[in-house]
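Residue-level structure breakdown
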Amino acid sequence: ISTIILLSTILTMAISSLLITKSNHLYQFFSESLRFFERTGRYWEDYHAIEKKMSHHVILFGAHRVGYPILERLTKLEHEMIVVDYDPMVIKKLREQSVPALYGDMGDPELVDHLNLEHAAMVISTTHDFLDTQAILNKSRSKNNKTIVFVTATTVQEALLLYNEDADYVLLPHRLSGEYLAEIISSIKESAPKTTRGTLLHRKEKHIAELTRLLKKEIPA
C-alpha cells in the first residue's frame, strides 16, 4: 500500500507541475469547449465595452511607479489607450479620471484576448514577471508584427532574451535609476563649486514637488 501511495504521489506531482507549466497552452486549447461554464458579470461588460472602441491604441500594463509617468505622457499626447493593472485602487482612481482601465493581470489570457492586440499601435509592460512578459511579447508579435512593444526586465540576461524575441526596447528600471544618478553626479562635477549646492537644491525641490503632486493624486508610486 505504501508503494502505491508513494508512486501515486510522485505521479500526481509530476502531472501537476506539467499542467501548471503548460497552463496557458491548455487554456487556449480548451477555452472554447469550456466557455459555457463562464459567468457573465461586471468585468465581462467592461471587456466588451472597451473592446468595441479600441483600434490603433496603446496598451499599458501597470500604471504605478514606472507606469504612471508613461500614462501621464500618453494622456498629454492624446493617445487612445487602455490601462491594465491588478491593483483595484489604481483602477478605481484611473476611472475617476476617465482613463479606460481594466482590473486584471497580463498573465491572464482571457483578459488579453479582449485587448485587440491585432489592432494595437503600441504595447507597454512595466511589470517584472519574466514569463508573463515573454508571453505578452510573443502574443503581440503573433497578432501584429508592426506593433511597437516595450517591456521590462529585472536582469541583463532577461533583457537580452527579450531582445532576442524581438522586443523593440527593454527597460531595466534599476539601471535607469543608476544612469540618472550618474548624470546628476556628472552635472555636479561640471558645475562651479559655488553653484553645486544650488543645482542640487533645485533638483531636490523639483523632485519634492513631483512626489507631492503624485501623493495628492493618490496614485501609488
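Quick note: structure is the one above.
Scope of this entry: the structure provided in the associated data block.

Thresholds applied
Residues numbered from 1 in each chain as written. Predicted model: local features only at pLDDT ≥ 70, side-chain atom pairs only at ≥ 80, totals over all residues. Heavy atoms only, no water. Helix = DSSP H or I, 4+ residues; strand = E, 2+ residues; numbered from the N terminus. Buried < 20%, exposed > 50% of the residue type's maximum accessible area, 1.4 Å probe, protein only. Contact = heavy atoms within 4.5 Å. Pairing = 2+ DSSP bridges. Core = buried A, V, L, I, M, F, W, Y, C linked by side-chain atoms within 4.5 Å. Expected span 1.5 Å × (residues − 1). Polar contact = N/O pair within 3.5 Å; in protein donor to acceptor, adjacent residues only side chain to side chain. Axes fitted to C-alpha atoms, helices over the stretch in contact; angles between N-to-C directions.

Once that is clear, we can look at the environment of Ala120. Secondary-structure assignment places Ala120 in the loop between helix 6 (109-112) and strand 4 (122-125). The class for Ala120 is buried, based on a relative accessible area of 3%. Separated by 24 residues in sequence, Ala120 and Asn144 have C-alpha atoms that sit 7.8 Å apart. Setting aside residues up to four positions removed in sequence, Ala120 forms contacts with His57, Ile59, Asn144 and Thr147.

A few words now on the pairing of strand 1 (residues 58-61). Neither face of strand 1 is open: one carries Val58 and Leu60, the other Ile59 and Phe61, and all of them are buried. Where strand 1 lies against strand 2 (residues 81-85), 4 bridges are found, and the strand directions are parallel. What sits directly across from Leu60, in strand 2, is Val83. Pairing between strand 1 and strand 4: 4 bridges, direction parallel. By the bridge assignment for strand 4, Val58 is matched with Met122.

Turning our eyes to something else, we now look at the nonpolar core. With 24 residues, the main nonpolar core has Ile59, Phe61, Leu115, Val123, Leu162 and Val170 as its most contacted residues. Listing elements by their share of this core, those giving two or more residues are strand 1, strand 2, helix 6, helix 7 (130-143), strand 5 (148-152) and helix 8 (156-164). Sort the elements by how many residues they give to this core and helix 7 lands first, with 3 residues. Look past the residues within four positions of Leu162 in its chain and what remains in contact with it is Phe130, Thr133, Gln134, Leu137, Val151, Thr152, Ala153, Ala167 and Val170.

With that settled, the discussion passes to helix 1 (residues 2-21). Along its 20 residues, helix 1 runs 29 Å from first to last C-alpha, staying within 8% of the 28 Å computed at 1.5 Å per residue. With 0 of its 20 residues buried, helix 1 lies for the most part at the surface.

With respect to the secondary-structure elements, Ser125 resides in strand 4. Taking relative accessible area as the criterion, Ser125 reaches 0% and is therefore assigned buried. Contacts of Ser125, omitting those with residues within four sequence positions, involve Phe61, Met106, Thr133, Phe150, Val151 and Thr152.

You can see Asp85 is positioned in strand 2. Separated by 2.8 Å, the side chain of Asp85 and the backbone nitrogen of Ala63 make a polar contact.

The next subject is the sheet that holds strand 1. The sheet built from 6 strands is open, its strands ordered 3-2-1-4-5-6 with parallel pairing. Because the sheet does not close on itself, it has two edges, and the strands there are strand 3 (101-103) and strand 6 (169-171). Across the sheet, the mean angle separating the axes of adjacent strands is 15 degrees when strand polarity is ignored. Sheet strands in contact with helix 7 are strand 1, strand 4 and strand 5, and its direction is about 175 degrees off that of strand 5.

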